[in-house]
Amino acid sequence: MTDYPADSILVLLETTPNGELATSAAGLLGAASRIGTPVALAVIAPSQAQALAEQAAATGAERVLVFETNSTQAELTIPHVDALAAAAAVVVPHAVLISNSIDGRDIAGRFAARTSAPIAVDAIGVSRDDEGIVAHHSVYGGAYNVDSAATFGPLVVTVRQGAIDARAEARPVALESLEVPASGAASAAIESVEAVTETSSRPELRGATRVVSGGRGLGSAEKFALVEDLADALGAAVGASRAAVDAGYIPANHQVGQTGVSVSPQLYIALGISGAIQHRTGMQTAKNIVAVNKDPDAPIFEVADFGVVGDVFTVVPQLISALAERKR
Amino acid sequence: MKIIVLVKEVPDTYGERKLDLETGLADRAASEAVLDEISERALEVALAYADSHDDAEVVVMSMAAESAAATIRKGLAMGAASAVHITDPGLAAADLGLTARTLAVAIRRTGFDLVITGNLSTDGSGGVVPAMLAELLEVPNATALSSVEIAAGSVSGTRNADGATMRVSARLPAVISITEALPDARFPNFKGIMAAKKKPFETLSAADLGIEPHDLSVAVSIMTAIAEKPPRAAGVKITDEGDGGTRIAEFLIENRLA
Ligand SMILES: Cc1cc2nc3c(=O)[nH]c(=O)nc-3n(C[C@H](O)[C@H](O)[C@H](O)COP(=O)(O)OP(=O)(O)OC[C@H]3O[C@@H](n4cnc5c(N)ncnc54)[C@H](O)[C@@H]3O)c2cc1C
Ligand SMILES: Nc1ncnc2c1ncn2[C@@H]1O[C@H](COP(=O)(O)O)[C@@H](O)[C@H]1O
């Protein structure tokens, strides 16, 4: 058996449906590198293992444990949990970092329950003090900063996507294949998968430095294109309020807010969004907020650095041409 | 078919939500408590099934402060047959691990074919309790479902995961979690509210479940620091006089944002 550094931090790598390293991995490895030695775990189809290990090493993994399997195509959650349990048993990490994604939360929850490890969710950072690993959280829409830690033993941490700026240095590739005894735990069956292909070249909402969001004020799916036009003019990601999602202007993965994505960009532009508290919860930690709304009493103005009381259909086209003018 | 719906009382998100800076717990006095909207949608999934299946029995269960009894009762008024309320001062500061362990014992004690939860609660936003329960109960988890079909021995649905939409299914017994894409819940009517008064309402302590809340041999997550950030202040607000778009462009350029 190989031995692992005493300060190992086990990072579960997320992969895209076609076996590439997901964007969340850079933040996880970056965070891990600040508190110890990043040891990565990949659960991946045999044919894709080598390429993935190389990507992981380039992103900062000191060691890459690989569980080669095709089972993740048919079974939900369990293959990852079994692999994580096997990896944790050999690595004996100080913390286990997992993306706070839908799959990541399931894996983290099951793994924590199986190993009786305490769990800290939706961390926006991690650090180490004399007593061990500390997870940092931003709660109630950034109104409070809360730290949490384990009384003893490893802490399982789910890390908010896009929240970590730290990046780890590239390492030489050190791939090790991992033996994973099957737990036999019953899993749900995956019957079919349809990858959500992002057709656009726009940045991802999570972790974007600029976000332009639209609300019910846009009025229809066709007219929501105005939001996308401004986003493209600024190289921004596209967000939305829940009302815009409910009305079918845009798919749910663009929802910003309490039950959507939390963003902290340099710039957030809210168009035709009233600024209900559940929406503000997901965006009010943005560095700069601009809002356009025809209702002067819309609550979004309470958090806007620059607010324009006006009609999005006159203000935004003018803004887009002013930006285009400047580019020339 | 016995369906347990896990419901949670949360501070009303439309009000101001505060944390107690001493304990880190929700300050109950600061805002009104309501049944979490996602809990109501989870209950609706169970009730809709029960509407057309006479053999279905719907139980609402919650681990919550004593004062949450009225909120849980709303689940009975909406149509659940019985309620289980786990409440104990020792569980007030329970971390996710203790919460899941306690709920799992109570769920086993009540008996179940299907457990339905919300995908994320609006206060904690942990989103890990459903998977933890599935592990402790030794059953499959099918989470983040945006549509649900319950059959005699199985449950299936559409799962909107990260970057992929999938169809999943699980044999019962199972734990599922649902998203807010599922329909709004029905309102309790007068008849429901009256009937709720006569429905079984079980109150359990940690000791009733054989749970020792302060077992120091079990590792837990603790809050080590808390700080309140000053609220964001409003900036400039202008009224569009035909130059609103230009003014925003100037603001962006001045602040090096464009
Ligand atoms: C548990 C729970 C969770 C929730 N989670 C979320 C969440 O994650 N994200 C979220 O966004 N919401 C969430 N909500 C919903 C939230 O309460 C609001 O209903 C929602 O944010 C409103 O969206 P909106 O601002 O687009 O719509 P509205 O409130 O209808 O506002 C539309 C705005 O557009 C303005 N307008 C109309 N036409 C124009 C025009 N031509 N030009 C300029 N302005 C115009 C109007 O003045 C109005 O202010 C949640 C609610 C609950 C109960
Ligand atoms: N204390 C609790 N009592 C009952 N159900 C709970 C409790 N905590 C979490 N849940 C369930 O788990 C779901 C997800 O919660 P969470 O993991 O806290 O985001 C909720 O929507 C509830 O269905």
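Please read all numbers here as calculations on a predicted model, not as lab measurements.

## Concerning the layout of surface pockets
Empty space within the second largest pocket amounts to approximately 550 Å³. Considering the residues around the second largest pocket, the lining is formed by 22 residues, among which Tyr-140, Ala-143 and Gln-284 of chain A together with Pro-231 and Arg-232 of chain B are closest to the centre. Both domains that meet at the lining of the second largest pocket, namely domain 1 (8-177) and domain 2 (210-327) of chain A, each give it at least three residues.

## Some words on the packing of helix α1 (residues 37-52) of chain B against helix α2 (residues 69-78) of chain B
Residue and element names in this part refer to chain B. For the pair α1 and α2, the least separation of the axes is 11 Å and the interaxial angle reads 30 degrees. If you check the angle between α1 and α2, you find them roughly parallel. As α1 packs across α2, the resulting crossing turns out to be right-handed. Along its contact with α1, which presents Glu-40, Leu-43 and Leu-47, the element α2 presents Lys-74, Gly-75 and Met-78.

## Notes on the site of ligand 1
All names here are of chain A. Of all residues adjacent to ligand 1, which total 28 residues, the nearest are Arg-216, Ser-241, Ser-274, Gln-278 and Asn-293. Note that an oxygen atom of ligand 1 is positioned 2.9 Å from one of the backbone N or O atoms of Arg-242. Between ligand 1 and Gly-260, the relevant distance is 3.4 Å, taken from an oxygen atom to a main-chain nitrogen or oxygen of the residue. Of all the elements in the fold, those that place two or more residues in the shell around ligand 1 are α6 (242-246), α7 (277-280) and α8 (312-327). Looking at the shell around ligand 1, its residues break down into 7 nonpolar, 15 polar and 6 charged.

## A look at the interface of chain B and chain A
Between chain B and chain A, the residue contacts involve 79 residues of the former and 81 residues of the latter. Taken together, the two surfaces of chain B and chain A that pack against each other cover about 7,000 Å², and 55% of this comes from carbon and sulfur. Contact with chain A buries surface across chain B, with Glu-135, Arg-232 and Leu-257 of chain B losing the most and accounting together for 11% of the total. Linking chain B with chain A are 7 salt bridges. The interface formed by chain B and chain A includes 42 residue pairs in polar contact (both at pLDDT 80 or more).

## With respect to the sheet that holds strand β11 (residues 201-204) of chain B
Strands sit in the order β10(A)-β9(B)-β8(B)-β7(B)-β10(B)-β6(B)-β1(B)-β4(B)-β5(B)-β11(B) across an open sheet of 10 strands; the sheet is mixed. Each edge of the sheet is formed by a strand with only one pairing partner; in this case those strands are β10 (189-195) of chain A together with β11 of chain B. Taking each pair of neighbouring strands and ignoring which way they run, the sheet shows an average axis angle of 30 degrees. Bridging between strand β4 (residues 57-63) of chain B and strand β5 (residues 82-86) of chain B involves 5 bridges; their strand directions are parallel. Residue pairing in the sheet places Ser-62 of chain B in a bridge with His-85 of chain B of β5 of chain B. Sheet strands touched by helix α4 (residues 102-115) of chain A: β7 (141-150) and β8 (154-161) of chain B. Its angle to β8 of chain B, the strand with the most contacts, is close to 125 degrees. Across the sheet, α1 of chain B touches β1 (2-6), β4, β6 (114-118), β7 and β10 (174-178) of chain B, and the angle it forms with β1 of chain B is around 165 degrees.

## Some points on the confidence of the model for chain B
When the pLDDT values of chain B are averaged, the result is 94; 98% of them are 70 or greater. Scoring the predicted complex yields pTM 0.94 and, for the interface, ipTM 0.94.

## Some words on the nonpolar core
Ranked by internal contacts, the top residues of the largest apolar core, which has 56 residues, are Leu-41 of chain A together with Ile-86 and Ile-107 of chain B. Looking at this core, the element that brings in the most residues is helix α3 (residues 78-91) of chain A, giving 7 residues. If we skip the residues at most four places from it in the chain, Ile-86 of chain B touches Met-61, Ser-62, Met-63, Ala-64, Leu-91, Thr-102, Leu-103, Ala-106, Leu-204 and Leu-209 of chain B. In this structure, Ala-188 of chain A together with Met-1, Ala-56 and Leu-114 of chain B belong to the second largest nonpolar core, which totals 44 residues.

## Overview of the side chain of Gln-161 of chain A
Residue and element names in this part refer to chain A. Among the structural elements, Gln-161 can be located in the loop between β8 (155-159) and β9 (175-177). Overall, the relative accessible area of 16% leaves Gln-161 in the buried class. One polar contact links Gln-161 to Arg-206, side chain to side chain, over a distance of 2.9 Å. In contact with Gln-161, not counting residues within four places along its chain, are Glu-14, Ser-24, Ser-99, Asn-100, Ser-101, Arg-206 and Gly-207.

## Observations regarding the domain arrangement of chain A
All names here are of chain A. Considered domain by domain, chain A is made up of domain 1 (8-177) and domain 2 (210-327). A C-alpha centroid distance of 32 Å is found between domain 1 and domain 2. Each partner contributes residues to the interface: domain 1 has 4 residues there, and domain 2 has 4 residues. Across the domain 1/domain 2 interface, buried area totals approximately 310 Å², and carbon plus sulfur atoms make up 48% of it.

## Things to note about the pattern of salt bridges
All names here are of chain B. The full count for this structure, using the stated rule, is 23 salt bridges over all chains. Close ionic contact of Lys-18 with Glu-228 constitutes a salt bridge, the shortest N to O distance being 3.7 Å. Of this pair, Lys-18 sits in the loop between β2 (9-11) and β3 (33-35) while Glu-228 sits in strand β12 (residues 221-228); the two residues are 210 residues apart in sequence, bridging distant segments of the chain. You can call Lys-18 partly exposed: its relative accessible area is 28%.

## Regarding the packing of α8 of chain A against helix α6 (residues 244-254) of chain B
Packing of α8 of chain A against α6 of chain B brings their axes to within 7 Å, and their N-to-C directions diverge by 45 degrees. Taken together, the axes of α8 of chain A and α6 of chain B are oblique relative to one another. Between α8 of chain A and α6 of chain B lies a crossing whose hand is right-handed. Contacts between α8 of chain A and α6 of chain B involve Val-315, Gln-318, Leu-319, Ala-322 and Arg-326 of chain A on the former and, on the latter, Gly-244, Gly-245, Thr-246, Ile-248, Ala-249, Leu-252 and Ile-253 of chain B. Per-class residue counts for the contact of α8 of chain A with α6 of chain B are 7 nonpolar, 4 polar and 1 charged.

## Observations concerning the site of ligand 2
Residue and element names in this part refer to chain B. The environment of ligand 2 is made up of 18 residues, and the closest members are Leu-6, Val-7, Met-63, Ser-121 and Gly-127. Within the backbone of Ser-121, an N or O atom sits 2.8 Å from an oxygen atom of ligand 2. Between ligand 2 and Val-128, the relevant distance is 3.3 Å, taken from an oxygen atom to a main-chain nitrogen or oxygen of the residue. Isolated, ligand 2 exposes 480 Å² of accessible area, and the fraction of that covered by the protein chains is 97%.

Criteria and thresholds
- Residues numbered from 1 in each chain as written.
- Chains lettered and ligands numbered in written order.
- Predicted model: local features only at pLDDT ≥ 70, side-chain atom pairs only at ≥ 80, totals over all residues.
- Heavy atoms only, no water.
- 1 Å grid on protein atoms, 1.4 Å probe; cavity = no way out; pocket = protein on both sides within 12 Å on 5 of 7 lines; lining within 4 Å.
- Points joined across faces, edges and corners; volume = space filled by probe spheres on them.
- Domains from an automatic or database assignment.
- Axes fitted to C-alpha atoms, helices over the stretch in contact; angles between N-to-C directions.
- Helix = DSSP H or I, 4+ residues; strand = E, 2+ residues; numbered from the N terminus.
- Parallel < 35°, antiparallel > 145°, perpendicular 65-115°, else oblique.
- Left-handed = near helix turned anticlockwise from the far one by under 90°.
- Contact = heavy atoms within 4.5 Å.
- Near = heavy atom within 4 Å.
- Polar contact = N/O pair within 3.5 Å; in protein donor to acceptor, adjacent residues only side chain to side chain.
- Nonpolar A, V, L, I, M, F, W, Y, C, P; charged D, E, K, R; others polar.
- Buried area = accessible area lost by both parts, 1.4 Å probe.
- Salt bridge = Lys/Arg side-chain N within 4 Å of Asp/Glu carboxyl O.
- Pairing = 2+ DSSP bridges.
- pLDDT = per-residue confidence, 0-100.
- Core = buried A, V, L, I, M, F, W, Y, C linked by side-chain atoms within 4.5 Å.
- Buried < 20%, exposed > 50% of the residue type's maximum accessible area, 1.4 Å probe, protein only.
- Areas by Shrake-Rupley, 256 points an atom, 1.4 Å probe, with all protein chains shown as cover.

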